[in-house]
Amino acid sequence: MSDSAVTMVVTEPRGPLRPSVAEPASPPAGWVRVSVAVSGVCNADIGTAAATGKGTAFPVTPGHEVAGVIAEIGDQVEGWAVGDRVAVGWFGGSCGHCSFCRAGDVVHCAERKVPGLSYAGGWAQSLTVPADALASIPDGLGFFDAAPFGCAGVTTFNAIRKAGIRAGGRVAVFGIGGLGHLAVQFAAKLGYETIAVARGGDREQIAHELGAHHYVDSDLQAPGAALKALGGADLIVYTASSTAPVDELLAGLGVHGQLTLVGVDAGSVTVPAARLVMNGHTLTGHLTGSPRETEEAMAFAVTTGVRPMIERMPLEKADEAVTQLRSGAPRFRIVLDTAISGE
């Protein structure tokens, strides 16, 4: 990287993302500067890029799925070296001393930081982050594949492996997009009978290629009823952005089944109390993962072949990427390349 770096910024509410060029500052104590190779685009970035939140400080730079190399290390940072290949995800640092941090549950720290929200994010050629936000990228995983693991990858990996489902159990994935296409792969590679649920028949072939044993077209049949007909799911991983279909989907859980929400909106879920009690159902939510868990997700991907399906775009077209994501056009993850021109 040259002495100056390009950063994509929003300078007003609902304004466009435009490139800004400046010389990166040296990282403060406890932080590192990462030379960004690539940066993923996530649904959550739509809200960040809109820059309409109360108290938003401009300029805003979104981006929380970063892969690159350490370029500079601040004081009081140990265990990392310039040139290390690293990823930074939705978890962007924590206080380190609260009860959650001390228990290893850093993602629920009340002072948890998020790149793009707590400080300038990764849609840039240079990113400065707390050292505790770093995950080491293993050999065998390139930058383009590694970047989505900081958010989409670790979120879906944890949602499945932490559910405690019986060996050989039945896992359904609702929504086959940026999160869901990874969840299907993880479920299949972890040895579960995997059911993909999505709207329309156009994703059936790719769902099977990703490892799904069954496909449910929610345009043709109520997905909860379809899952019940297949014997009921031990786990439903809900990755869609709207919670509207959840109520009916609960009917697809088997006895002691669990529905885990990883995709949410401002809506609510209505749970039939009698069915919940009589069948021992669990409805829960799941939020991202720690850098260590991101490393575990990437290591699992290296040994099993799980990979994100990505569309590459130049960094300078970040605004176009947000427009595409808002329209639902991408399949399945857009990753911005900082090394190529958008011209």
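Structure's up top.
The structure contained in this document is the topic of the report that follows. Note that this is a predicted model, so its numbers are computed, not measured. (Residues numbered from 1 in each chain as written. Predicted model: local features only at pLDDT ≥ 70, side-chain atom pairs only at ≥ 80, totals over all residues. Heavy atoms only, no water.)

## Considering the overall build of the chain
Threshold: Strands here are runs of E lasting at least two residues and helices are runs of H or I lasting at least four, both read from the DSSP assignment and numbered beginning at the N terminus. With the radius of gyration taken over C-alpha atoms, the globule rule is written as 2.2 Å times the number of residues to the power 0.38. Exposure categories follow from relative accessible area, calculated using a 1.4 Å probe and restricted to protein chains: below 20% of the type maximum is buried, above 50% is exposed, and the middle band is partly exposed. Contacts between residues were defined by any pair of non-hydrogen atoms, one from each residue, lying within 4.5 Å. A 1.4 Å probe and the Shrake-Rupley method give the accessible areas. Residues count as covered only by the protein chains that appear here.
Per the secondary structure count, the chain includes 11 helices and 15 strands. Relative to the globule expectation of 20 Å for 343 residues, the C-alpha radius of gyration of the chain, 20 Å, shows essentially globular dimensions. When the backbone C-alpha atoms are referred to their principal axes, the chain occupies close to 60 × 45 × 40 Å. Across the 343 residues that make up the chain, the buried fraction comes to 53%. Put simply, of all contacts in the chain between residues at least 6 apart along the chain, 66% involve residues at least 24 apart. As displayed, the chain has an accessible area near 14600 Å², and 51% of this comes from carbon and sulfur atoms.

## Topic: the environment of Ala133
Inspection of the secondary structure puts Ala133 in the loop between strand S6 (126–130) and strand S7 (134–136). Owing to a relative accessible area of 2%, Ala133 belongs among the buried residues under this scheme. Counting along the chain gives 47 residues from Ala133 to Val86, while the straight-line C-alpha distance between them is 9.6 Å. With residues near it in sequence (within four places) discarded, Ala133 still touches Ala87, Val88, Phe91, Gly92, Gly93 and Pro291.

## A closer look at the environment of Val269
With respect to the helices, strands and loops of the structure, Val269 is situated in the loop between strand S12 (253–261) and helix H9 (273–279). When the C-alpha atoms of Val269 and Leu283 are compared, they prove to be 9.7 Å apart, with 14 residues separating the residues in sequence. Excluding residues that lie within four positions of it along the chain, Val269 makes contacts with Thr243, Val246, Asp247 and Leu283.

## Structural notes on the packing of helix H4 (residues 152–161) against helix H5 (residues 180–189)
The angle between the axes and the distance between the axes are what describe a pair of packed helices. What counts is decided by this rule: Axis definition: a line fitted to C-alpha atoms, limited for helices to the stretch in contact. Angles are taken between N-to-C directions and run from 0 to 180 degrees. Oblique is the label for every angle not falling under 35 degrees (roughly parallel), over 145 degrees (roughly antiparallel), or within 65 to 115 degrees (roughly perpendicular). Each crossing gets its hand from how the near helix is turned against the far one by less than a right angle, where anticlockwise is left-handed and clockwise is right-handed. Any residue that is not Ala, Val, Leu, Ile, Met, Phe, Trp, Tyr, Cys, Pro, Asp, Glu, Lys or Arg is counted as polar, Gly included; the first ten are nonpolar and the last four charged.
Contact pair H4 / H5: the axes reach a minimum separation of 9 Å and the direction vectors enclose 40 degrees. When the axis of H4 is compared with that of H5, the two are oblique. For the crossing formed where H4 meets H5, the hand is right-handed. Contact with H4, carried on its side by Ala152, Gly153, Thr156, Phe157 and Ile160, involves Leu182, Ala183, Phe186 and Ala187 of H5 and no other residues of that element. Each residue belonging to the contact of H4 with H5 can be placed in one class, and the counts come to 7 nonpolar, 2 polar and no charged.

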